[in-house]
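Chain and residue survey
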Amino acid sequence: MPRHATPRRYLMCPPAHFKVTYSINPWMDPTKPVDVPLAVAQWEDLMERYRSLGHTVEQLTPRPELPDMVFAANGATVIDGRVLGANFAHAERAPEAAAHLDWFRTHGFAEADVHEPAHINEGEGDFAVTSSYVLAGRGFRASPLSHGEAQEFFGRPVIGLDLVDPRYYHLDTALAVLDDATDSGDAIMYYPGAFSPGSRAVLRRLFPDALIAQEPDAAALGLNAVSDGLHVLLPQAAVGLFGPLRERGFEPIGMDLGELLKGGGSVKCCTQELRC
């Protein structure tokens, strides 16, 4: 079946105040300096690439005291116009949750459709949306209790997946949704080594035709990718994924977000999808 792109709406936050002054994941090293102008240039390249592909990009205003706001995917999950806010595991990022909810409340989302969560979840960091399921990571950040909360709020089946390698602390570092169109079936790619044996078995059962990533590409955060159903934007260093993606009818687009990788994020971490 031929692949086709679907116009998307994304929420992003410029890295104007990005820095690494603390470490809450294995990628973060406060001793390594950050080149903010380079980070901004790389982020702007990603934003303009989305726009050149016909997608809409909304912007969240960065706050000086919140250097990780650039990783906008963590601030909420939006499905069918309903917004499940974030509840961050670490105090350093906790105020980001309110900043995101303020944005939704002032940009046309009804109060009844905006939910402040009771349990820890970090937005699309640990929630991946396919046409059939909401895949939900747990083990390092999100509480397992957040899965039931998401299922009740969205009315979609939530499938819990256990992450076991601290390098892949969020689901979006270990798994990417490639096609979420109802008429073409669910397509994903993932790195098995990031998951527990039982979760690997679940993924094999639900997605027998998934693209399986190898360790070097996963270690380059190659699975921190964004797809519109045709174009797949991913870290350019994940060279082993380009051929398999093309073989499946996708058009991979390599992006350089090397400065933001110092904070433990890449393409997907910078991109929250507004599914309305």
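Thresholds applied
Residues numbered from 1 in each chain as written. Predicted model: local features only at pLDDT ≥ 70, side-chain atom pairs only at ≥ 80, totals over all residues. Heavy atoms only, no water. Phe/Tyr/Trp six-rings, centres within 6.5 Å; stacked < 30°, edge-to-face > 60°. Helix = DSSP H or I, 4+ residues; strand = E, 2+ residues; numbered from the N terminus. Buried < 20%, exposed > 50% of the residue type's maximum accessible area, 1.4 Å probe, protein only. Pairing = 2+ DSSP bridges. Right-handed = clockwise from strand over helix to strand, strands pointing away. Core = buried A, V, L, I, M, F, W, Y, C linked by side-chain atoms within 4.5 Å. Contact = heavy atoms within 4.5 Å. 1 Å grid on protein atoms, 1.4 Å probe; cavity = no way out; pocket = protein on both sides within 12 Å on 5 of 7 lines; lining within 4 Å. Points joined across faces, edges and corners; volume = space filled by probe spheres on them. Salt bridge = Lys/Arg side-chain N within 4 Å of Asp/Glu carboxyl O. Lys, Arg positive; Asp, Glu negative; His and termini not counted.

What to know about the packing of aromatic side chains
Evaluated as defined, the whole model comprises nine aromatic pairs. For the pair Phe18 and Phe71, a centre-to-centre distance of 6.0 Å together with 85° between the ring planes defines the contact as edge-to-face. A residue pair is termed long-range when its members are at least 10 positions apart, and Phe18 in the loop between strand 1 (9-12) and helix 1 (36-52) and Phe71 in the loop between strand 2 (56-59) and strand 3 (76-79) qualify at 53 residues. Assessed through its relative accessible area of 2%, Phe71 is described here as buried. Arranged with centres 5.5 Å apart and planes meeting at 65°, the rings of Tyr168 and Tyr191 form a pair that is edge-to-face. A residue pair is termed long-range when its members are at least 10 positions apart, and Tyr168 in the loop between strand 8 (158-162) and strand 9 (175-179) and Tyr191 in the loop between strand 10 (187-190) and helix 4 (197-206) qualify at 23 residues. Since its relative accessible area comes to 0%, Tyr168 is described here as buried. Here the aromatic residues Trp103, Phe104 and Phe109 are joined through ring pairs into a cluster of three or more.

Regarding the pairing of strand 7 (residues 134-138)
Of all five residues making up strand 7, four are buried, and the element is well covered by its neighbours. When strand 6 (residues 127-129) meets strand 7, the two strands line up antiparallel, connected through three bridges. Among the inter-strand pairings, Ala128 is bridged to a residue of strand 7, identified as Leu135. Adjacent in sequence and paired antiparallel, strand 6 and strand 7 are bridged by four residues. This β-α-β element, strand 7 to helix 3 (residues 145-154) to strand 8, shows right-handed connectivity.

Observations regarding the nonpolar core
Core analysis: the biggest nonpolar cluster contains 33 residues, and Leu175, Met189, Phe195 and Leu245 have the highest contact counts within it. Elements with a minimum of two residues in this core: strand 9, strand 10, strand 13 (231-235) and helix 6 (242-247). Excluding anything up to four places from it in sequence, Leu175 contacts Ala128, Leu135, Leu161, Ile188, Met189, Tyr190, Phe195, Leu203 and Leu223. Met12, Tyr22, Phe71 and Leu233 belong to the second-largest nonpolar core, a separate cluster that totals 24 residues.

Here's the deal with unusual backbone geometry
In this model, Asp80 sits at a positive phi of 55°, which is unusual for a non-glycine residue. Tracing the sequence through the fold places Asp80 in the loop between strand 3 and strand 4 (82-85). Its identity is not glycine, yet Leu221 carries a phi of approximately 60°, on the positive side. Relative to the elements of secondary structure, Leu221 occurs in the loop between helix 5 (215-219) and strand 12 (226-227).

Details of the sheet that holds strand 11 (residues 211-212)
Strands belonging to one sheet form pairs held by backbone hydrogen bonds; the direction of such a pair is parallel or antiparallel. Taken together, three strands build an open sheet; the order of strands is 9-10-11 and the sheet is mixed. Two strands in the sheet have a free side with no partner beyond their single neighbour: strand 9 and strand 11. Examined bridge by bridge, strand 9 and strand 10 share four bridges and lie antiparallel to one another. Across the sheet, Val177 pairs through a bridge with Ile188, a residue of strand 10.

Looking at empty space enclosed by the protein
A full pass over the atoms with the stated rule returns two cavities of 30 Å³ or more. There is about 210 Å³ of room inside the largest cavity. Contributing to the lining of the largest cavity are 18 residues, with Val177, Ala225, Lys268, Glu273 and Arg275 lying nearest its centre. Breaking the lining of the largest cavity down by element, the ones donating at least two residues are strand 6, strand 9 and strand 12. It is strand 9 that contributes the most residues to the lining of the largest cavity, five residues altogether.

Comments concerning the pattern of salt bridges
A full pass over the atoms with the stated rule returns 19 salt bridges. Between Arg167 and Glu215 there is a salt bridge, with the nearest N and O atoms lying 2.9 Å from each other. Residue Arg167 is found in the loop between strand 8 and strand 9, and its partner Glu215 is found in helix 5; the two are separated by 48 residues along the sequence. Of the residues examined, Arg167 reaches a relative accessible area of 28% and is grouped as partly exposed.

Remarks on the side chain of Asp172
By the element assignment, Asp172 lies in the loop between strand 8 and strand 9. Of the buried charged residues, Asp172 lacks a salt bridge, with Lys268 as the closest side chain of opposite charge at 6.2 Å. In this structure Asp172 touches Ala73, Glu124, Gly125, Leu223, Asn224, Lys268 and Cys269, once residues within four positions along its chain are discounted.

Considerations on the pairing of strand 10
Burial along strand 10 is two-sided: the face carrying Ala187 and Met189 and the face carrying Ile188 and Tyr190 are both buried. In this sheet, strand 11 lies alongside strand 10 in parallel orientation, the contact comprising two bridges. Bridging from a neighbouring strand, Tyr190 pairs with Ile212 of strand 11. At this point the chain moves from strand 10, through helix 4, to the parallel strand 11, and the crossover so formed is right-handed.

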